[in-house]
Amino acid sequence: MKALTELEQDALAEVFNIGVGLAADVLSQMVNETVRLSVPLVELTSQEVASTQFHDRENRPLCAIRQTYSGEVTTDAILMFPEENSLELVRSMVGSDIPLEQLTEMEQDAMAEIGNIILNAVISQLSNTLGLSFDGSLPEVSMVTGDTIFANFSAPGAGKASVLMLTIDFELSTRQVSGYLAFLLDIPSSEKLIARLDRFIHG
């Protein structure tokens, strides 16, 4: 697997930064409070290394929203929040007076909507910047753990897949939430993405 150069990493971070900024504007309207998203930390690594890092980093349940995007580059995209953070986001959307049992029932639909907004904003920016076309699936929501998250991906050649990992901090006016965004790419898709990125960098 080819590693990203510093220039490629900076360029991808800027592309994703614009995408998450657009998503933050929409989320702000949904939760009726200011939402700030940090500049994402970007890393391209192997699926095996990503699984180990994630297992070491997160030992609590995660709410995962997954969508598959196909085209010249095919990727499984997944947005992840610790479970307690996802409930905070849902409470921000529907109001603080909703009982916990009802909030839990509403969580899946609300998180699917949040995931769809963030993932599509990021993918749209990637598409516009690099000239790629994507067709996306409907979002799927599930509860996972750090050591099983990538086992649910089904990209071709998943055993040798690359993982493009983004770490993002979501800061709301009244609370702070950490989230993760990962793209699982098979080797041909990873190579095509880097080729398009280099073409963009060098004009």
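Below you will find a few notes about this structure.

Here is what the cut-offs are and how they apply
- Residues numbered from 1 in each chain as written.
- Predicted model: local features only at pLDDT ≥ 70, side-chain atom pairs only at ≥ 80, totals over all residues.
- Heavy atoms only, no water.
- Helix = DSSP H or I, 4+ residues; strand = E, 2+ residues; numbered from the N terminus.
- Expected span 1.5 Å × (residues − 1).
- Polar contact = N/O pair within 3.5 Å; in protein donor to acceptor, adjacent residues only side chain to side chain.
- Buried < 20%, exposed > 50% of the residue type's maximum accessible area, 1.4 Å probe, protein only.
- Pairing = 2+ DSSP bridges.
- Salt bridge = Lys/Arg side-chain N within 4 Å of Asp/Glu carboxyl O.
- Core = buried A, V, L, I, M, F, W, Y, C linked by side-chain atoms within 4.5 Å.
- Contact = heavy atoms within 4.5 Å.

## Some points on helix α5 (residues 187-201)
Then step 1. Here α5 contains 15 residues, and its C-alpha end-to-end distance of 21 Å stays within 8% of the 21 Å for a straight helix at 1.5 Å per residue.
Then step 2. You can read the cap of α5 off the contacts: a side-chain oxygen lies 2.8 Å from the backbone nitrogen of Ser-189, and it is on Asp-186.
Then step 3. Gly-203, located one to two residues past α5, shows a positive phi value of around 75 degrees.

## Here we look at the pairing of strand β7 (residues 162-172)
Then step 1. Burial of β7 is extensive: 8 of the 11 residues sit out of reach of the surface.
Then step 2. The sheet contact formed by strand β1 (residues 35-37) and β7 spans 3 bridges and is antiparallel. When the bridges of β7 are listed, Arg-36 appears paired with Glu-171.
Then step 3. In the sheet, strand β2 (residues 41-46) pairs with β7 via 6 bridges, with the strands oriented antiparallel. Of the residues in β7, the one forming a bridge with Leu-44 is Leu-164.
Then step 4. Bridge count for β7 against strand β8 (residues 176-185) is 10 bridges, and the pairing is antiparallel. Residue Glu-171 lies in a different strand from β8, and its bridge partner there is Gln-176.

## Re the pattern of salt bridges
Then step 1. Counted according to the given criterion, the structure contains 2 salt bridges.
Then step 2. Residue Arg-66 pairs with Asp-76 through a salt bridge whose shortest N-O separation is 2.9 Å. Of this pair, Arg-66 sits in strand β3 (residues 62-71) while Asp-76 sits in strand β4 (residues 75-82), placing them 10 residues apart in sequence. The same class applies to Arg-66 and to Asp-76, which are both buried.
Then step 3. The closest approach of N and O atoms between Arg-196 and Glu-72, which form a salt bridge, is 2.7 Å.

## So, the nonpolar core
Then step 1. Within the largest apolar cluster, 50 residues are counted, with the highest numbers of intra-cluster contacts made by Phe-16, Phe-81, Met-111, Leu-164, Phe-170 and Phe-183.
Then step 2. Among residues more than four places away in sequence, those in contact with Phe-16 are Pro-40, Val-42, Val-122, Leu-126, Leu-164, Leu-166 and Phe-183.
Then step 3. By size, the runner-up hydrophobic cluster in this structure holds 15 residues, among which are Phe-54, Ile-78, Val-144 and Ile-149.

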